[in-house]
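One-letter residues, chain by chain:
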Amino acid sequence: MISAAATGAAATVLSCGVQPRQAWHAFSHRHSAKELDALSVSGAVIVLRISLLWVAYGFSTGAYFAGVLAAVEGVCQIVILAVLAYGVPRCRRDILMSIPLTVGLAPVLAFGSLSLTFMGALASAASLFMFAFPAKEQWEHRHDDTIGYTWSATMLVLCANVLWTVYGVLHQDVWLTVPSLVHVVLGVVIAGSKLVSAKAN
């Protein structure tokens, strides 16, 4: 019998192979404005807000591993934003302006604790929306392995999403399962296209 705890733990470990690396890359290049130009304040802020939703939803529904992963991702985004504020002065204004709305999520999370369906639906919709942009970029540049995720990172994310789908099913949680399953389908398409392109070359 598949254990939800083991699946969640494995999914968390695999998923933690992406965001912490991005945060470490940002931190290690904090003195290089050229390297930091590739980072997006708005992207980091959006991921941070989505992470807050998943933290609240995960711990409210007992899907603790999803909550832990979201907390890790949130901390990584805070590190990235801190590095941008330190290394790229022009980003400071945008970061400061993002704080009120981020803090304003508190009422949403408070209402969500009373309506988990609302919070789960919102977190799922936000995750799907956020994933659409990198998925589109990956598809457009599927023949160029230097843009977007590398082959190893693509497979890492794909395997992690398969485990998150299983974890959602075991928890009988539709809001956790649906975005993970969509990510799996898109991941298979992108991985397949990269494999075909690699063989063609």
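Preceding this paragraph is the structure being described.
Q: I tried to follow the overall build of the chain on my own but got confused; where do I start?
A: A tally of regular secondary structure across the chain gives 10 helices and 0 strands. Put simply, the chain runs from its N terminus to its C terminus through helices and strands in the order α-α-α-α-α-α-α-α-α-α. For the chain, with 201 residues in total, the buried portion stands at 38%. Long-range pairs, those at least 24 residues apart, make up 76% of the contacts in the chain between residues at least 6 apart in sequence. About 10,900 Å² of surface is accessible on the chain, with carbon and sulfur atoms providing 72% of the total.

Q: Could you clarify how one ought to interpret a nonpolar patch on the surface in this entry?
A: Taken together, the side chains of V174, V178, V182 and L186 define a hydrophobic patch exposed on the protein surface, amounting to about 270 Å² of accessible area. In this structure, V178 sits in helix α10 (residues 174-200). A residue is classified by how much of its surface remains accessible, and V178, at 36% relative accessible area, is partly exposed.

Q: Can you walk me through the packing of aromatic side chains in this structure?
A: To describe a pair of aromatic rings, you give the distance between the ring centres and the angle between the ring planes. All told, the structure shown has 5 aromatic pairs when counted by the stated rule. Consider the rings of W24 and F27, whose centres lie 5.9 Å apart with planes at 35°: the pair is tilted. A residue pair is termed a helical-turn pair when its members lie 3 or 4 positions apart in one helix, as W24 and F27 do in helix α2 (residues 19-28) at 3 residues. Classification of W24 as exposed rests on a relative accessible area of 57%.

Q: Would you mind showing me how to read the environment of V68 here?
A: Tracing the sequence through the fold places V68 in helix α5 (residues 64-87). Aside from chain neighbours lying at most four places away, what touches V68 is T12 and F59.

Q: Mind showing me how you'd approach the side chain of S51 here?
A: Tracing the chain through its elements places S51 in helix α4 (residues 41-61). The buried category is assigned to S51, whose relative accessible area is 3%. Residues within four places of S51 in sequence aside, it is in contact with A70, E73 and G74.

Q: I keep staring at the packing of α4 against α5 and nothing clicks. Help me out?
A: Two numbers describe a pair of packed helices, the interaxial angle and the distance between the axes. Look at α4 against α5: their axes get within 8 Å of each other, and the N-to-C directions meet at 155°. Looking at the two axes, α4 sits roughly antiparallel to α5. Here α4 and α5 pass one another in a crossing that is left-handed. Where α4 approaches α5, its residues V41, A44, V45, V47, L48, S51, W54, V55, G58 and F59 are matched on the opposing element by Y64, G67, V68, A70, A71, E73, G74, Q77, I78, I80, L81 and L84. For the contact of α4 with α5, a count of residues per class yields 16 nonpolar, 5 polar and 1 charged.

Q: Where do I start with the packing of helix α1 (residues 4-15) against helix α9 (residues 151-170) in this structure?
A: Interaxial distance between α1 and α9 falls to 8 Å at its minimum, and their mutual angle equals 155°. As judged from the angle between their axes, α1 and α9 are roughly antiparallel. Two packed elements cross with a definite hand, and for α1 against α9 that hand is left-handed. Within the contact between the two elements, α1 uses A4, T7, G8, A10, A11, T12, L14 and S15 and α9 uses L156, C159, A160, L163, W164, V166, Y167 and L170. Across the contact of α1 with α9, the residue classes break down as 12 nonpolar, 4 polar and no charged.

Q: What exactly am I supposed to notice about the nonpolar core here?
A: As a rule of thumb, soluble globular proteins bury nonpolar side chains together. Of all hydrophobic cores here, the largest spans 16 residues; its most connected members are W54, A63, A66, M119, W164, Y167 and L176. Every element with two or more residues in this core is listed here: α4, α5, α8 (116-140) and α9. Broken down by element, the residue count for this core peaks at 5 residues, all from α4. Setting aside chain neighbours within four positions, we find W54 in contact with G67, A70, A123, S124, S127, W175, L176 and P179. Core analysis: the next-biggest nonpolar cluster, separate from the first, contains 15 residues, A23, I80, V83 and I95 among them.

Q: Would you mind going over α1 with me for this structure?
A: Each turn of an α-helix holds 3.6 residues, which means side chains three or four residues apart point in the same direction. Across its 12 residues, α1 extends 16 Å between first and last C-alpha, which sits within 8% of the 16 Å expected from 1.5 Å per residue. By the burial criterion, the buried members of α1 are T7, G8, A11, T12 and S15. The buried residues of α1 all sit within an arc of 130° when viewed along its axis, so they share a single face. Residues of α1 that are buried in the fold lie against α2, α5 and α9.

About the criteria used
- Residues numbered from 1 in each chain as written.
- Predicted model: local features only at pLDDT ≥ 70, side-chain atom pairs only at ≥ 80, totals over all residues.
- Heavy atoms only, no water.
- Helix = DSSP H or I, 4+ residues; strand = E, 2+ residues; numbered from the N terminus.
- Buried < 20%, exposed > 50% of the residue type's maximum accessible area, 1.4 Å probe, protein only.
- Contact = heavy atoms within 4.5 Å.
- Areas by Shrake-Rupley, 256 points an atom, 1.4 Å probe, with all protein chains shown as cover.
- Patch = residues over 30% accessible without salt bridge, like charges linked within 9 Å, V, L, I, M, F, W, Y side chains within 5 Å.
- Salt bridge = Lys/Arg side-chain N within 4 Å of Asp/Glu carboxyl O.
- Phe/Tyr/Trp six-rings, centres within 6.5 Å; stacked < 30°, edge-to-face > 60°.
- Axes fitted to C-alpha atoms, helices over the stretch in contact; angles between N-to-C directions.
- Parallel < 35°, antiparallel > 145°, perpendicular 65-115°, else oblique.
- Left-handed = near helix turned anticlockwise from the far one by under 90°.
- Nonpolar A, V, L, I, M, F, W, Y, C, P; charged D, E, K, R; others polar.
- Core = buried A, V, L, I, M, F, W, Y, C linked by side-chain atoms within 4.5 Å.
- Expected span 1.5 Å × (residues − 1).
- Arc of directions from axis to C-beta.

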